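# Inside the fold
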Amino acid sequence: MTASRPLAVVTGATAGIGHVFAQRLAAAGHDLLLVARDHARLEAVCAALAAAHGVAAEPFVADLSQDRDISRLADRLRTESRLACLVSNAGFGTRGTLLTADPETQRQMLRLHVMCTHELVSAALPGMTERRTGTVIVVASVASWSPTAGNVNYNATKAYQRVYCEAAATELEGSGVYIQALCPGFTYTEFHDRLGSGRTGPPRWAWLSADRVVDESLAQARARGAVVCVPSKRFKCIVFLLKHAMWVLGGLRQRYRRDRLRVQ
């Protein structure tokens, strides 16, 4: 690594949104510390980005659904005096209700989306605030506004990530450190392939490219814009409708309960 270059750390860096973040940050002159589980694939991505952009790219093999690996990476972040950007992108989805989903997989999701988010951000912030500069991007989801059956812990943990960033931003005001909750909708990545749903179901217009998602996120980060980034006007509209739909439905439920009590 070169002492004069800023360092960017990206988790889930071998594919999809994380890979595009790594490409963009390397092109902008950052050395990279890239994190993923697949050692061979991670080595190949690091070698390709180093060759393409003339930066140093170090692989950090870790399974961030495991406490030990979360702690290893958090310890590394605390020692990095050049840490300029942390992209906490690693994540996964599952299928099945609370009664049918594999309990251990659900625990892994909670560790990855909740505990890992907190531990990595907490490890990065002291150095960033001391240097009075830094960017943290946590990849959440439009699903954070959409409680749906069969995705209870995914939606709940993505809501945690979004609210975590919104609350942390209030504590970081005036610190020089910017934090963002990136909330993409359907994005062409390996995520849905691994989930088993592929890219069927949602209409073609509903899908975004990972390049667009990342470019809008980084543009908002450079401008030190709003804490929550929802790429594309179509998903901004969807989020607006989801927010108001939940408010309207909540009001209707309360009214229904009051009416039932009067009848009884």
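Report follows, based on the coordinates.

### What to know about the sheet that holds strand S4 (residues 83-88)
Backbone-to-backbone hydrogen bonds pair the strands of a sheet. The strands run either parallel or antiparallel. Across the sheet, which stays open at both edges, the 7 strands sit in the order S3-S2-S1-S4-S5-S6-S9 with parallel pairing between neighbours. Since the sheet does not close on itself, it has two edges, and those belong to strand S3 (57-61) and strand S9 (228-229), each with one partner. Of the pairings in the sheet, the one linking strand S1 (residues 7-11) to strand S2 (residues 31-36) comprises 5 bridges and is parallel in character. Opposite Ala-8, over in S2, you have Leu-32 as the bridge partner. Packing of helix H2 (residues 39-53) onto the sheet brings it into contact with S2 and S3, and relative to S3 it is tilted by some 165 degrees.

### Comments concerning empty space enclosed by the protein
Going through the model one piece at a time under the given rule, you end up with 1 cavity of 30 Å³ or more. Looking at the largest cavity, its volume works out to about 50 Å³. Around the largest cavity, the lining residues are Thr-94, Gly-96, Thr-97, Leu-98, Ala-101, Gln-106, Gly-150, Asn-151, Val-152, Asn-153 and Tyr-154. Sorting elements by how many residues they give to the lining of the largest cavity places helix H5 (residues 152-171) first, with 3 residues. Partitioned by chemical class, the residues of the lining of the largest cavity number 4 nonpolar, 7 polar and no charged.

Criteria and cut-off values
- Residues numbered from 1 in each chain as written.
- Predicted model: local features only at pLDDT ≥ 70, side-chain atom pairs only at ≥ 80, totals over all residues.
- Heavy atoms only, no water.
- Pairing = 2+ DSSP bridges.
- Helix = DSSP H or I, 4+ residues; strand = E, 2+ residues; numbered from the N terminus.
- Contact = heavy atoms within 4.5 Å.
- Axes fitted to C-alpha atoms, helices over the stretch in contact; angles between N-to-C directions.
- 1 Å grid on protein atoms, 1.4 Å probe; cavity = no way out; pocket = protein on both sides within 12 Å on 5 of 7 lines; lining within 4 Å.
- Points joined across faces, edges and corners; volume = space filled by probe spheres on them.
- Nonpolar A, V, L, I, M, F, W, Y, C, P; charged D, E, K, R; others polar.

Everything listed here is a matter of geometry and, on its own, says nothing about what the molecule does.
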